[in-house]
Amino acid sequence: MIFGNVDVGESAAAYDPLIDRAIAYCRNTDVSQMHESRFFPEGEDFEVLICERTTGPKEEKKAEVHRKFAELQFCAAGRQNMGYCPDTGEFEILEDHLNEDRDVRFYKLPEDSKEIMLPLYPGQYCVFFPEDVHRPWCTASEGPEPIKMIVIKIPMDHLKNKQ
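So, here is what we can say about the structure in this document. Because the structure is predicted, anything quoted here is derived from the model rather than measured.

1. Topic: the packing of aromatic side chains
- Applying the stated criterion across every chain, the model contains three aromatic pairs.
- When the centroid spacing of 5.6 Å and the interplanar angle of 70° are considered together, the rings of Phe91 and Tyr107 count as edge-to-face. Here the residue Phe91 occupies a position in the loop between β6 (80–86) and β7 (92–96), and Tyr107 occupies one in strand β8 (residues 105–108), the gap between them amounting to 16 residues. Just as Phe91 is buried, Tyr107 falls in that class too.
- In this arrangement the basic side chain of Arg53 is found over the ring face of Trp137, its NZ or CZ atom lying 5.2 Å from the centre.
- Positioned above the aromatic ring of Phe106 is the side chain of Lys62, whose terminal nitrogen or guanidinium carbon lies 4.8 Å from the ring centre.

What follows is the structure, encoded as structure tokens:
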């Protein structure tokens, strides 16, 4: 898992070039006039989702993993808490769509999962790999609030340094 901020320069040697380009896309894209959408930017190997959601209690949000994609989640507006813990292979599966086009498995995490909550504010991002369980859209304040995210699906088989 990678946690960062687009306003802080990354070392060119730190990340795969495709991850660097995805971070640069977030840094350089104004989504203020964009709404829910899904597309492939011209000349890129990743898919972009513009997501507008409302945060809610952690207990109401699903923890998930993906196997075919690394997933960059960038906070464009609003704020949320993002749950994270390593996939130990011991969690109860709620829904399994890994062998489908959706490439997602939802888990029920036990109290002792050691899940941590990462605060995401505008400009911050997380990159989750197949071994990273994440729980998006969790409330970061006293109540629900609107949030706009750029979610980028990066094919694992396109990464130079595959996990």
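Continuing now.
2. What about the side chain of Lys148?
- By the secondary structure assignment, Lys148 is in strand β12 (residues 146–155).
- Separated by 3.5 Å, the side chains of Lys148 and Glu52 make a polar contact.
- With sequence-adjacent residues up to four places away left out, Lys148 is seen in contact with Val31, Ser32, Met34, Ile50, Cys51, Glu52, Phe74, Cys75, Ala76 and Ala77.

3. Describing the layout of surface pockets
- Computed from the structure, the largest pocket encloses a volume of approximately 460 Å³.
- The wall of the largest pocket is formed by 21 residues, among which Leu49, Glu64, His66, Glu71 and Lys153 lie closest to the centre.
- Looking at the lining of the largest pocket, the elements with two or more residues in it are β3 (47–54), β5 (69–77), β11 (132–138) and β12.
- Looking at which element gives the most residues to the lining of the largest pocket, the answer is β3, with four residues.
- Considering only residue class, the lining of the largest pocket consists of eight nonpolar, two polar and eleven charged.
- Residue lining of the second largest pocket: 15 residues in total, with Lys58, Glu59, Leu109, Glu115 and Arg135 positioned closest to the centre.

4. Topic: the environment of Ala13
- With respect to the helices and strands, the residue Ala13 is situated in the loop between β1 (2–5) and α1 (17–28).
- Since its relative accessible area comes to 72%, Ala13 is described here as exposed.

5. Things to note about the nonpolar core
- If you look at the biggest cluster of nonpolar residues, it comprises 24 residues, and the most contacted ones within it are Leu72, Tyr125, Ile150, Ile152 and Ile154.
- Counting only elements with at least two residues in this core, the list comes to α1, β3, β5, β10 (124–128) and β12.
- At six residues, α1 tops the list of elements feeding residues into this core.
- Core analysis: the second largest hydrophobic core is formed by 13 residues, Tyr84, Leu118, Phe128 and Trp137 among them.

Calculation criteria
Residues numbered from 1 in each chain as written. Predicted model: local features only at pLDDT ≥ 70, side-chain atom pairs only at ≥ 80, totals over all residues. Heavy atoms only, no water. Phe/Tyr/Trp six-rings, centres within 6.5 Å; stacked < 30°, edge-to-face > 60°. Helix = DSSP H or I, 4+ residues; strand = E, 2+ residues; numbered from the N terminus. Buried < 20%, exposed > 50% of the residue type's maximum accessible area, 1.4 Å probe, protein only. Lys NZ or Arg CZ within 6 Å of the ring centre and 35° of its normal. Polar contact = N/O pair within 3.5 Å; in protein donor to acceptor, adjacent residues only side chain to side chain. Contact = heavy atoms within 4.5 Å. 1 Å grid on protein atoms, 1.4 Å probe; cavity = no way out; pocket = protein on both sides within 12 Å on 5 of 7 lines; lining within 4 Å. Points joined across faces, edges and corners; volume = space filled by probe spheres on them. Nonpolar A, V, L, I, M, F, W, Y, C, P; charged D, E, K, R; others polar. Core = buried A, V, L, I, M, F, W, Y, C linked by side-chain atoms within 4.5 Å.

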